[in-house]
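Spelled out, the chains give:
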Amino acid sequence: MIDFHVHTFLDAIAAKAIPQIAKNAGGVTPVYSGAVSDLKPALRKFGMEKAVVLNIATNPHQQKKVNDFAISLVGDDMLIPFGSIHPDSPDALEELDRLKEAGIKGVKLHPEYQDFFVDEERMFPIYEHIAKLGLITVFHAGVDIGFPRPVHCPPERLLRVLDCFGDAPVVAAHFGGWLLWDSVLEELCGTKVYLDTAFSYGRMPPDYAREIICAHGADHILLGSDMPWSSSADEARFIQSLDLPAEEEAKILSINAKRLLHI
Ligand SMILES: [Zn+2]
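The paragraphs below set out a description of the structure included in this document.

Procedures and definitions
- Residues numbered from 1 in each chain as written.
- Predicted model: local features only at pLDDT ≥ 70, side-chain atom pairs only at ≥ 80, totals over all residues.
- Pairing = 2+ DSSP bridges.
- Helix = DSSP H or I, 4+ residues; strand = E, 2+ residues; numbered from the N terminus.
- Buried ≥ 20, exposed ≤ 12 C-beta atoms within 10 Å, placed from the backbone.
- Arc of directions from axis to C-beta.
- Contact = placed C-beta atoms within 7 Å.

1. Regarding the sheet that holds strand β8 (residues 221-222)
Read across the open sheet, the five strands follow the order β4-β5-β6-β7-β8; overall the sheet is parallel. Of all strands in the sheet, those bounded by a partner on one side alone are β4 (106-109) and β8. Alignment of β4 against strand β5 (residues 136-139), held across four bridges, turns out to be parallel. Counterpart to valine 107 in the pairing with β5 is threonine 137.

Printed below as a string of structure tokens:
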């Protein structure tokens, strides 16, 4: 199985960052320390072959450091690092080039942490550059429990920008928009966007998950956990509990991710 949505930090940073993020989110409990040295043992324990590591530059000054960390993981036997660019960074486009040249396969953009609305015009040059490079984009989508509303990436705003990416794949995390699943059904199901399943186990009614998978098609759903905030094993179990046809389940748990990542 492939987990398309995990987070990790340099060991020295994890000890500080994890309690802080947990507190901001109202006390979620991490399932591993968040330190990169503990990630692979945790993934193995949870039955994962590989995982996409999503890094986020939460301010423009962090961008280079965050991406240096991502690039340091390129070529790992289990971890597939994605980079991040910050919309306020003057060299965002050049940084995308650097990521591509280093062998990075995608970027994570987090409209809440990075303070932009997904359909703001200033984002378009970034999206078009991503399209040109053929990188995968993962958006945090829907409510983030650590941030007040308004939601910066609701389904109807994401829908407006999907075409900017051309043939480059776009993934909307948390089944397309955490806690906004009615709008996901209305706006995103049937489009070319991929939805990851992160942070759903015990939090999303199974009926919603089943309905979205049915309406959107299993070819465009990717197993994700949001480690350390939920475990890959639990999120895989959630998908397995939906009683989908075996073929669809296999696509969600690994086949789609392997196709997208060329592995
Ligand atoms: Zn996440």
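2. Digging into helix α2 (residues 36-45)
Looking only at α2, the buried set comprises Leu39, Ala42 and Leu43. When α2 is viewed along its axis, its buried side chains cluster within an angular range of 100° and face the same direction. More than 90 degrees from the buried face of α2, the exposed residues found are Ser37, Pro41 and Arg44. In the core, the buried residues of α2 are packed alongside β1 (2-6), β2 (50-54) and α9 (232-240). Once α2 finishes, glycine 47 follows within two positions and takes phi at roughly 85°, a positive value.

3. Description of the environment of serine 33
Secondary-structure assignment places serine 33 in the loop between α1 (11-24) and α2. With 22 residues separating them in the primary sequence, serine 33 and aspartate 11 have C-alpha atoms 8.9 Å apart. Apart from residues lying up to four places away in sequence, serine 33 is in contact with Ala14, Ile18 and Asp38.

4. Observations regarding unusual backbone geometry
Here the bond from arginine 149 into proline 150 is cis, since omega is 10°, no more than 30 degrees from zero. Here proline 150 is to be found in the loop between β5 and α6 (155-161). With an omega of 5°, the peptide bond between methionine 227 and proline 228 qualifies as cis. By the element assignment, proline 228 lies in the loop between β8 and α9. Not every positive phi belongs to a glycine, and aspartate 115 is a case in point at roughly 55°. Here aspartate 115 shows up in the loop between β4 and α5 (124-133). Classification of aspartate 115 as partly exposed rests on a count of 14 C-beta atoms within 10 Å.

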